[in-house]
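If you want the building blocks of each chain, they are given just below.
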Amino acid sequence: NLSWKIWLASGRTEVSCGNTRGARDLFLRAYDSVSEKGRSTVLLECARLEEFCGDLVLSRSILCKTRQQFGKSDWKVWLSSVNLECRCGYRERAIAFAQEALNKHRGTGRLWAALIQLRHDDGELFQMKILRCALQAVPKSGEVWCEGARIHLNPFSPTFDLQAASRHLSFAARFTPQVRMF
């Protein structure tokens, strides 16, 4: 039964129209009709809605509950927590969530890429150290290879190297199936 996806899509439409009360009702219907496997998706949407409405406490509470219930099986709940903290300007909290997420989901390139980005203020050499760990854990992650290219593209950095950046982008394209389609 995929009716929950219709409720979720309808709720997103209501959010885009500014009807947050209607969106909450539709997200509740989605939650009531979704299987256990899809519950985290609905809860993440609820957290986004509350963030959009400015209720960060409720958004964080929903994410906390979602991490407790689904954090072992769904890396996206961790990435949502990382992103929320980033958007709120809490870099250290975001880093802590990213590191905790990688303890559970070491093979997820998006989490590694997020951690590399979060460590920007710590300098390129520190980012390179994390990049090396990431490439050992997920050598076929296009997102991680893109982060490597980004680090090498800063002309004001000791890591500036256009050839290395080109190699990283070549690997990123090779490991990103969508790129090969065009």
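Residues numbered from 1 in each chain as written. Predicted model: local features only at pLDDT ≥ 70, side-chain atom pairs only at ≥ 80, totals over all residues. Heavy atoms only, no water.

(A) Structural view of a nonpolar patch on the surface. Where nonpolar side chains cluster on the molecular surface, the patch consists of Leu-153, Phe-160, Leu-162 and Leu-169 and spans about 360 Å² of accessible area. Note on placement: Leu-162 falls in helix 10 (residues 162-174). What makes Leu-162 exposed here is its relative accessible area of 52%. (Patch = residues over 30% accessible without salt bridge, like charges linked within 9 Å, V, L, I, M, F, W, Y side chains within 5 Å. Areas by Shrake-Rupley, 256 points an atom, 1.4 Å probe, with all protein chains shown as cover. Salt bridge = Lys/Arg side-chain N within 4 Å of Asp/Glu carboxyl O. Helix = DSSP H or I, 4+ residues; strand = E, 2+ residues; numbered from the N terminus. Buried < 20%, exposed > 50% of the residue type's maximum accessible area, 1.4 Å probe, protein only.)

(B) Here's a closer look at the packing of aromatic side chains. Counted by the stated rule, this structure contains three aromatic pairs. With centroids separated by 6.1 Å and ring planes inclined at 10 degrees, the aromatic side chains of Phe-171 and Phe-175 adopt a geometry described as stacked. Judged by relative accessible area, which is 29%, Phe-171 ranks as partly exposed. Classification of Phe-175 as partly exposed rests on a relative accessible area of 24%. Pairwise contacts between aromatic rings join Trp-145, Phe-171 and Phe-175 into one cluster. Between the NZ or CZ atom of Arg-39 and the centre of the ring of Tyr-31, over which it lies, the distance is 4.5 Å. (Phe/Tyr/Trp six-rings, centres within 6.5 Å; stacked < 30°, edge-to-face > 60°. Lys NZ or Arg CZ within 6 Å of the ring centre and 35° of its normal.)

(C) Summary view of the state of the cysteines. Following the criterion strictly, the structure yields zero disulfides and no others. The thiol of Cys-46 is unpaired, and the distance to the nearest cysteine sulfur, on Cys-53, comes to 11 Å. For Cys-53, a relative accessible area of 34% gives the class partly exposed. (Disulfide = S-S within 2.5 Å.)

(D) The pattern of salt bridges, seen in detail. On inspection of all chains with the given rule, the structure shows 14 salt bridges. A salt bridge links Arg-93 to Glu-85, with the nearest nitrogen and oxygen atoms 3.2 Å apart. Looking at Arg-93, the relative accessible area reads 42%, which means it is partly exposed. Three or more residues joined by partner-sharing salt bridges are found here, namely Arg-91, Glu-92, Arg-119, Asp-121 and Asp-122.

(E) The arrangement of the packing of helix 3 (residues 39-52) against helix 5 (residues 75-87) in detail. Interaxial distance between helix 3 and helix 5 falls to 10 Å at its minimum, and their mutual angle equals 10 degrees. With respect to helix 5, the element helix 3 is oriented roughly parallel. Every residue of helix 5 that contacts helix 3 at Ser-40, Leu-44, Arg-48 and Glu-51 is listed here: Lys-76, Val-77, Ser-80, Leu-84 and Arg-87. In the contact of helix 3 with helix 5, the residues fall into three nonpolar, two polar and four charged. (Axes fitted to C-alpha atoms, helices over the stretch in contact; angles between N-to-C directions. Parallel < 35°, antiparallel > 145°, perpendicular 65-115°, else oblique. Contact = heavy atoms within 4.5 Å. Nonpolar A, V, L, I, M, F, W, Y, C, P; charged D, E, K, R; others polar.)

(F) Region of the structure containing the layout of surface pockets. Approximately 150 Å³ is the volume found for the largest pocket. Along the walls of the largest pocket sit Arg-24, Asp-25, Phe-27, Leu-28, Tyr-31, Cys-46, Leu-49 and Glu-50, which together make up its complete lining. Listing elements by their share of the lining of the largest pocket, those giving two or more residues are helix 2 (20-33) and helix 3. Examining the composition of the lining of the largest pocket, we find that five residues originate from one element, helix 2, more than from any other. (1 Å grid on protein atoms, 1.4 Å probe; cavity = no way out; pocket = protein on both sides within 12 Å on 5 of 7 lines; lining within 4 Å. Points joined across faces, edges and corners; volume = space filled by probe spheres on them.)

(G) How the structure looks around helix 10. Across its 13 residues, helix 10 extends 18 Å between first and last C-alpha, which sits within 8% of the 18 Å expected from 1.5 Å per residue. Considered for burial, the residues of helix 10 that qualify are Ala-164, Ala-165, His-168 and Ala-172. Down the axis, helix 10 shows its buried residues gathered within 100 degrees of arc, on one side only. Exposed side chains of helix 10 directed beyond 90 degrees from the buried face belong to Leu-162 and Gln-163. On its buried side, helix 10 packs onto helix 8 (124-137) and helix 9 (142-152). Two or three places before Gln-163, at the opening of helix 10, Asp-161 has a side-chain oxygen 3.1 Å from that residue's backbone nitrogen. (Expected span 1.5 Å × (residues − 1). Arc of directions from axis to C-beta. Polar contact = N/O pair within 3.5 Å; in protein donor to acceptor, adjacent residues only side chain to side chain.)

Any link to function would need more than the numbers given here.
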